[in-house]
Structure formats: C-alpha cells, structure tokens
Amino acid sequence: MSADFEHQPTTLPPVTGRTLPRVIAVANQKGGVGKTTTSINTAAALATLHQRVLLIDLDPQANASSGLGLDVRSLENTILDVLIDELPLTDAITPTEIPGLSVAASNLRLADAEMSMYSMLARETRLKNAVDQVRHNFDYIIIDCPPSLGLLTLNALCAAQEVLIPIQCEYFALEGVGQLLENVLRIRRSGLNPHLEVSSIVCVMYDGRTNLAEEVVTEIRQHFGSTVLKTVVPRNIRLSEAPKYGMPIITYDPTSRGAIAYLDIAQEVHDGSQPTTR
C-alpha cells in the first residue's frame, strides 16, 4: 500500500448539525477521480428523494452541464455571468429533465475569467454572495469544483457548508487530498468560512476483482473513520456511457450497479438532515 497515507492529516474539522438547505462542494485536487460523475449523480439521486436540488457547475470543462443534457453554447446566462458581472444566480439557473433538479451551467470561458477575478473586490466570496440569495429556494446546492485549488475552487469552499471528497480506489488514492484538507482548515482559520467541514468521503472506481481496491478502501476507512460513506461506487461502464447521452445514471440505466450506488449515496448524504420550513 502507498506510503501516501502516512503523510495525510488525520484530524478533520468536526461535523456540525445538518439543517436544510445544505451547500456541498464536491472537490478533489486530483483530476480523473470521478468528481463530476459524483456531482451529477448525487444531485440527480437527491432529486429522486423529492429534494429541491441545484447543481452549480464551476468547472470550465462544463462536463456537469453537458452531462445533464444542457448545450452550454446555447445558454444566455451561465455561472460566468454570475461571477464576473454579478448577475443574480436565479437568472443563470436552468431546469433539467429530472424533476426537482436544476443547473447553473458552466462556460468554456470560465478558465480565462478566473484570471480576471483576481483583481476584483471580495474575489473569494463572489459565489457565496450569489448562493446566499437563492439557498432557501433549494434543499441541496451541489457545487462541482474544477480539479485544482485555484480561485474557482476557493469560491466554492467559501460558499459551501460542507465538502464531499471522492477518492478513487487506486494506489495513489490520497494524492492531492492532503492539500485540500489543509486548505479547508486554512479557510476556517482565516474567517472566510469558519464552519466549513469535510462531511463525506466516498470511495469510487472500486474494482472488486482486485485485492488492491479492497486494501485502499480499508485504509481510507481506518484513516478517516465515519466520514467515509458506507457505499462504495464500483467501476461501471454504464456510468462512463451516461454523460455521452446527457443523462445521469439513474435515467440512463436505473438498474445498473452505478445507479444503485449513487441512490444509496444520496440516501446516506440525506440521512440526518433536518427539514427546512417550506
């Protein structure tokens, strides 16, 4: 097993109460770990639990937007307009074909716009200010972060109450996670978001045919304890195919192992949430 585990922080911020609405950033500095897949499918599965869900696509690749069937080139307003021009977030929200699920889509120009944000006032909290205006219209706001720790991810971590970290079941599983955890602590201490917590870690891309995958899951559970969700997401070709057709897995193949896993993850995330007054 990788010595990578030996150098990771073992103390996570304490988990606090989880009253709806909940704002959850899905983040991992390492690319290709199923972050967008987890964002799309957890959001869609929460909607099937009769929750009002907004997915904010903060990744310039816009995969979460296209993965839910949106043509980002045809949209009049996107999250880019919210961050740069302070457009109200309500004007950038588009409903999806999943009842209860809406998206604030990304834009391919968002990567260039990130550079412009560095010269702006309150650059770290532009997304938070926008989210605060709409948060009580939803039960869950899921933010799909880019695979980096730049200003876009910082905006997500300042806007969110919680962080959900997908970790793939491979040899260098925690590569990049240590820096993300350190940034969570740094954001808390700085006062930008003193109540930010890592509320969930989910093991993804699990291949039950290998001993390595089981060893990785075991070590992650030993390392992070109850923060790790019980459900493990298997490697599943249907999960990989679904974005091509602009569908979450629960629509594309609702009986697949991937669909069942994300329905279970949504239930785990939702368990213990205190309802809001509608």
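Quick notes on the rules
- Residues numbered from 1 in each chain as written.
- Predicted model: local features only at pLDDT ≥ 70, side-chain atom pairs only at ≥ 80, totals over all residues.
- Heavy atoms only, no water.
- Phe/Tyr/Trp six-rings, centres within 6.5 Å; stacked < 30°, edge-to-face > 60°.
- Buried < 20%, exposed > 50% of the residue type's maximum accessible area, 1.4 Å probe, protein only.
- Helix = DSSP H or I, 4+ residues; strand = E, 2+ residues; numbered from the N terminus.
- Pairing = 2+ DSSP bridges.
- Right-handed = clockwise from strand over helix to strand, strands pointing away.
- Salt bridge = Lys/Arg side-chain N within 4 Å of Asp/Glu carboxyl O.
- Polar contact = N/O pair within 3.5 Å; in protein donor to acceptor, adjacent residues only side chain to side chain.

Considering the packing of aromatic side chains
What characterises a pair of aromatic rings is the spacing of the ring centres plus the angle enclosed by the ring planes. Here the structure, examined in full by the defined rule, presents two aromatic pairs. Each ring, one from Tyr-171 and one from Phe-172, has its centre 4.8 Å from the other, and the planes form 85°; the classification is edge-to-face. Here Tyr-245 and Tyr-252 contribute two aromatic rings whose centre-to-centre distance is 5.3 Å and whose plane-to-plane angle is 15°, an arrangement assigned as stacked. Overall, the relative accessible area of 46% leaves Tyr-245 in the partly exposed class. For Tyr-252, a relative accessible area of 18% corresponds to the buried category.

As for the pairing of strand β6 (residues 162-168)
The buried count for β6 comes to seven of seven residues, which makes it a mostly enclosed element. As paired elements, β6 and strand β7 (residues 197-206) share seven bridges and run parallel to each other. In the strand pairing of β7, Ile-167 is matched with Cys-203. Taken together, β6, helix α7 (residues 177-190) and β7 constitute a β-α-β crossover, and its handedness is right-handed.

Notes on the pattern of salt bridges
Counted under the stated rule, the structure contains 13 salt bridges. A salt bridge links Arg-73 to Asp-71; its shortest N-O distance comes to 3.4 Å. Connected through shared salt-bridge partners, Lys-35, Asp-59 and Asp-144 make up one network.

Some thoughts on the side chain of Gln-51
Structurally, Gln-51 is set in the loop between α1 (35-48) and β2 (53-57). Exposure remark for Gln-51: the relative accessible area of 9% places this residue in the buried category. Engagement of the side chain of Gln-51 in a polar contact is seen with the backbone oxygen of Leu-49, the distance being 3.2 Å.

Nothing here speaks to function; it is all geometry.
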